[in-house]
Amino acid sequence: MIGVFVCSCGRRSADAWLEKVGAAVAVKHFFGHAGLCGPDGLRLIREKSKKHKLGRLLLAGCAALQSEALIKNAAKAAGVASGAVFPVLFPRRSSPAVAARMIRQATTGLQLLPVFESRRVALRNEVLVLGGGPAGTEAARQVAAFGYPTTITEPHVLESLTGGVGNFSARLRGEGGAATRAFGAVVIASDGTAGAASSAFRGLVPLADLEGHIEGLARRDKPRSAALILDLEIDETKASTAEALRVALALRARYRIELTILLRHVRVSSLGLEKRYDEAREAGITFVKYDGAPRIAASPEGISIACTDGVAGEDVEISVGIAAVSPHGLHAPAERALGEAAGIGLDGYGRLQENNIHLLPDQTNRLGVFVVGPCRGEFDGETILRDARAAALAVHQLLSQKELEVELSHPVVDGDKCVLCLTCIRSCPFKAMRIFAEETRADCSPEACRRCGICVGECPAKAIELPAYADRIVLARAGE
Amino acid sequence: MKRFLVVGAGVTGFAAALELARQGHGVTILESSPAIGGKVLSYCCKATDSCSRCGVCVAHDAIAEALRHPRISILTGARIGAVDAAGPAVTVRGVAARPQICHSLCVDCGACASACPARSIQRYSRGGLTTYTVDPSTCLLQKGKSCAACAEACGFGAIEAGAPEQPFDLSADGVLIATGHETFDPVCKPRLGYGRLLGVTTGLEAERALSRQAGLTGANGEAAGSVAFIQCVGSRDPVLCRNFCSAVCCAYALRMARLLKARQPAAEVTVYYIDIQNFDKVFTPFREGIEALGVRFVRGIPSSVSRAGSGKLGLLIEDPNGNRTTAQHDAVVLSVGMSPADGASRVAELFGLPADEFGFFGHCISKPGRIVAAGTCVEPQSIVQSIASARAAAQELLAQGASA
């Protein structure tokens, strides 16, 4: 039995409008209410569902009804599965005729829609943290503070991460061979691989080693001048500017070395950094903001750097005793191995996690797996700690639920049509597809799947169907 | 269940409140202004055919969800009188303005707005987020007259009127300070012509214009075919004692430049800058994409903007060698920076937070970890960074409770 609940909030003559919609829709169980998303709305849904034994609900109104939490609450109030609650969103100021047409279309689809069962997935409370640097240590410390048994290990020991949220199987390399352990959630906090100074930049010292290198030289061998080069291949962040300023100021104060910092842009978007930049200029450190690619070559004095000064618009050539390059400005070897082992996508720099605004600085394409720190591309100390704490909270938000209710509306694979071509496994952004245990067909994990339908579209054998969007339902709705 | 207090109903405050409420705790948000949502509600989506990851939609979603959350309550027009953090709980006393609109009960019927004799109730709506705001400058109750028209008209008990002020006395296990920021007022830089010349707008005004229309309006009142963005207005400026970077202006200017170019490929867009701050996760391809669209980048900040002939604006640019050049544009957008909010220093004093010379709180946490700050009151930062900092702060408040 379908119940149609229509929200009339935001309308002047709500009752008259509802009456017109009701007359045009002409279904048996039609209820109007102003503010379905409020507590009174839920009460109405509970009462009417019980009284009329409603099995499916259609909630029609503004975009507020789309909220996942609201749909869950409505389903709970009506005593049905979340999949049996269907939102219909009216455009603002829609006429009764438009509203009625939308409701009729939706009810046609809803009549055909199977009611999905739900499954409860228990969430294990063990947490795996991959990476023992600042990000990993902070994340592990904070997760452990919430009382979760936490394992911290080096990222490269991860061979594979299968399973889904609440019950991941991590295959970890150890001294006595690999072992598989189960975890509820995983935080990846590898220190990442900054770009290694490639052969094109031979003779350059990594920025982090410059101080130690100069310190190790005998007094008479100490260079009189040094250059620090940033942004060589990719734009660097404020973290690199901060590090370059720190190193330059220290060397200037200790050895009176002439220092030149070459960069494309001075990145000072952090409190206090602009003042440290002023300080560096006052201390006599030269800044060259270059355009294009600098040409670096060996010279009798050490190293010569030729580039175009972007401010003056002139070509300049600098000879220095020693030059350092910031590895964060070089293309880094991709985190492909870690990404593949953990099932996490890579961004345009080859770092973990695609660039998507809805994946805030810790979330990933896999529910229950979080990425923080340099492997995600964040090198600023303060930000790394902040993200690690946010990830710890996200782990707690997830695991403190103890169990997850998962609606079984995930794609179904037709075993007769599936030819095991693995297209769905490659194209699923959420690593939800896998090969069925008996290796006769592909299969989808309802916990990891987000019902995007990509596998349905990509399957060359047309073997996959998303039950809520089965052909007959779509055709029936379109035919209205 | 614990009780937490959030000072500031912007995106940071709401994001933190949501995290705390999801953990089963009660949260009260105090907001000094009559409106909720903060600055983020006036920003536009800057997507072209693809998302530019500005985060405005993410902020709207967070605020909309928090508004409907039964464990989050909000007091607008609130003034904090006294704070006592010495005891086991932090107690905060003050007064909140009336009428007070409860958004979790509001059904968006608009009855209050129609009933208000002074027409002082405004509605804001975008996506799943709808808010109502009482303008205290016109509200009869706020002006000392007896009026309860809105509360009587509301059929859902969502509005409280009565006395113009209602005292509150709250006790909290932890406090999150998220007072946010003000934008720099470019009138302080008179040579840039803001407020004097038609066609000179702030970045914020340009966002509002772009959310309503395709392009910007030029000095001659017609659609601007040539737009200049001037960066670092009120940022990195030692003369104004503002030698800090506001962190977000490059991001919004470049995204707006991208949006303008995508909508009007024939328009000329120029960005005058000192240094472009890196903001996107994968920034270099993003910047190169903007350059490929034809946005021109010019190093150097124009020193003045004046009316030029033919209804254009003339920009005077001095290079480091002292050479002067001029450029003409139809419209000029000033990328204004951030300052701490007006009331931030008072909040800092009340809660005992240290502030730096510019008034930002920095990454400070008061001793017992019961009072933490997040968002743009800490340092200038983007929407996404503010949400992340709100979540980190919420974690800190919860961890404090867990170990206590």
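Quick note: structure is the one above.
Residues numbered from 1 in each chain as written. Chains lettered and ligands numbered in written order. Predicted model: local features only at pLDDT ≥ 70, side-chain atom pairs only at ≥ 80, totals over all residues.

**Q** In this structure, what is going on with the sheet that holds strand β22 (residues 371-373) of chain B? I would like to understand it.
**A** Remark on secondary structure: sheet strands pair via backbone hydrogen bonds, oriented parallel or antiparallel. All names here are of chain B. Reading across from one edge, β3-β2-β1-β11-β22 is the order of the five strands in this open sheet, with parallel pairing throughout. Edge strands, defined here as strands with exactly one partner in the open sheet, are β3 (72-75) and β22. Averaged over all neighbouring strand pairs, the angle between strand axes comes to 20°, with direction disregarded. Both strand β11 (residues 174-177) and β22 contribute to a ladder of three bridges, which runs parallel. Bridging from a neighbouring strand, isoleucine 177 pairs with alanine 373 of β22. (Pairing = 2+ DSSP bridges. Helix = DSSP H or I, 4+ residues; strand = E, 2+ residues; numbered from the N terminus. Axes fitted to C-alpha atoms, helices over the stretch in contact; angles between N-to-C directions.)

**Q** Sorry if this is basic, but what is going on with the nonpolar core here?
**A** Across soluble globular proteins, you tend to see nonpolar side chains buried next to one another. Core analysis: the biggest nonpolar cluster contains 200 residues, and Ala139(A), Val186(A), Val187(A), Ile188(A), Ala16(B), Leu176(B) and Ile177(B) have the highest contact counts within it. Examining the composition of this core, we find that 11 residues originate from one element, helix α9 (residues 383-403) of chain B, more than from any other. Those residues in contact with Ala16(B) that sit more than four places away from it in its chain are Val6(B), Leu176(B), Ala178(B), Ala374(B), Ala390(B), Ala393(B) and Ala394(B). If you look at the next biggest cluster of nonpolar residues, it comprises 60 residues, including Phe5(A), Cys9(A), Ala75(A) and Ala151(B). (Core = buried A, V, L, I, M, F, W, Y, C linked by C-beta atoms within 7 Å. Buried ≥ 20, exposed ≤ 12 C-beta atoms within 10 Å, placed from the backbone. Contact = placed C-beta atoms within 7 Å.)

**Q** Quick question: what am I supposed to make of the packing of helix α1 (residues 11-22) of chain B against helix α2 (residues 56-68) of chain B here?
**A** Each pair of packed helices can be summarised by the angle the axes make with each other and by the distance between the axes. All names here are of chain B. Interhelical geometry of α1 versus α2 gives an angle of 55° and a closest axis separation of 9 Å. Relative to α2, α1 is oriented oblique. Regarding α1 and α2, the two cross each other, and that crossing is left-handed. The segment α1 lies against α2, with Val11, Phe14, Ala15, Ala17 and Leu18 engaging Ala59, Ala62, Ile63, Glu65 and Ala66. Looking at the contact of α1 with α2 residue by residue, the classes come out as nine nonpolar, no polar and one charged. (Parallel < 35°, antiparallel > 145°, perpendicular 65-115°, else oblique. Left-handed = near helix turned anticlockwise from the far one by under 90°. Nonpolar A, V, L, I, M, F, W, Y, C, P; charged D, E, K, R; others polar.)

**Q** It is not clear to me how helix α7 (residues 238-255) of chain A should be interpreted in this structure. Could you clarify?
**A** An α-helical turn contains 3.6 residues, so any two residues separated by three or four positions project in the same direction. Residues and elements named next belong to chain A. End to end, α7 covers 26 Å across 18 residues, agreeing with the expected 26 Å (1.5 Å per residue, within 8%). For α7, every residue scored as buried is listed here: Lys238, Ala239, Ser240, Thr241, Ala242, Glu243, Ala244, Leu245, Val247, Ala248 and Leu251. Buried positions along α7 lie against α6 (210-216), β13 (225-229), β14 (258-263) and α8 (273-282). Phi turns positive one or two residues past the end of α7, at arginine 256, with a value near 55°. (Expected span 1.5 Å × (residues − 1).)

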